[in-house]
Amino acid sequence: MTKSFRVVYLKPEEIHFDRHGDTLSLTVTQNDVSVQYPRVVLRSCFPVSDSRVYLSVRDASEEEQPEIGIIEDWKALKPGDREAVAAELDLYYFVPTIHKIHDIHEELGFLYWTVQTDKGTQEFVMRNSIIRNTRQVSPGHWLLIDVNDARHEITDVTDLDSRSQKLLARFLSF
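Calculation notes
- Residues numbered from 1 in each chain as written.
- Predicted model: local features only at pLDDT ≥ 70, side-chain atom pairs only at ≥ 80, totals over all residues.
- Heavy atoms only, no water.
- Helix = DSSP H or I, 4+ residues; strand = E, 2+ residues; numbered from the N terminus.
- Expected span 1.5 Å × (residues − 1).
- Buried < 20%, exposed > 50% of the residue type's maximum accessible area, 1.4 Å probe, protein only.
- Arc of directions from axis to C-beta.
- Contact = heavy atoms within 4.5 Å.
- Pairing = 2+ DSSP bridges.
- Axes fitted to C-alpha atoms, helices over the stretch in contact; angles between N-to-C directions.
- Core = buried A, V, L, I, M, F, W, Y, C linked by side-chain atoms within 4.5 Å.

**Describing helix H1 (residues 79–92)**
In step 1: The terminal C-alpha atoms of H1, which comprises 14 residues, lie 20 Å apart, in line with the 20 Å expected from a rise of 1.5 Å per residue.
In step 2: Burial in H1 covers these residues: Asp-81, Ala-84, Val-85, Glu-88 and Leu-89. For H1, the angular spread of the buried residues around the axis is 130°, confining them to a single face. Facing away from the buried side of H1 by more than 90 degrees, the exposed set consists of Glu-83 and Asp-90.
In step 3: Check the buried side of H1 and you find it contacts strand S1 (15–20), strand S2 (23–30), strand S3 (33–44) and strand S4 (53–59).

Printed below as a string of structure tokens:
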């Protein structure tokens, strides 16, 4: 049986976001009826390069994270709501760029990385399943996804020093 999908656009005047720590919640009020979603996540729709348009709002209290609706332009939200949305997007789309690889070592099916990024020295752990945990964005441009689903980016492998390239070549085919 085919499941149908209907796009629901959320109107800025009918929604309100709140942040409690790192948790984003949503209240939708239509025709004097309010529905509360205690935990939501936001994901950019296409075009991903334009982070202000087409945000999918999903109910994070359910495992499948069903879509509640789409915000066409979150910059049209009230100031407090914009701040809450911006903080959520900054958390999810935080992607440090790797400039140097200090070390990669393998242990019990995991890769332990120590790298220098545009955000400072960082350490992260990946499963040693390169196919599932790396994405080649374009030739020489890689996205690495760690065990916590955090992403790190290498924008151009040839910009890395030779030692970093050798370490990387042991684990990636580029």
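Having seen the model, we can carry on.
**Focus on the sheet that holds strand S10 (residues 141–145)**
In step 1: Taken in spatial order, the 3 strands make up an open sheet running S9-S10-S11, and their pairing is antiparallel. Each edge of the sheet is formed by a strand with only one pairing partner; in this case those strands are strand S9 (134–138) and strand S11 (151–154). With direction set aside, neighbouring strand axes in the sheet form an average angle of 20°.
In step 2: The sheet contact formed by S9 and S10 spans 4 bridges and is antiparallel. From the neighbouring strand, Thr-134 faces S10, where its bridge partner is Leu-144.

**Section: the nonpolar core**
In step 1: With 18 residues, the main nonpolar core has Ile-101, Trp-113, Leu-144, Ile-154 and Leu-168 as its most contacted residues.
In step 2: Once you skip the residues sitting within four places of it in the chain, Ile-101 turns out to touch Trp-113, Thr-114, Val-115, Leu-160, Arg-163, Ser-164, Leu-167 and Leu-168.
In step 3: Within the second largest apolar cluster, 17 residues are counted, among which are Leu-55, Trp-74, Leu-77 and Ala-84.

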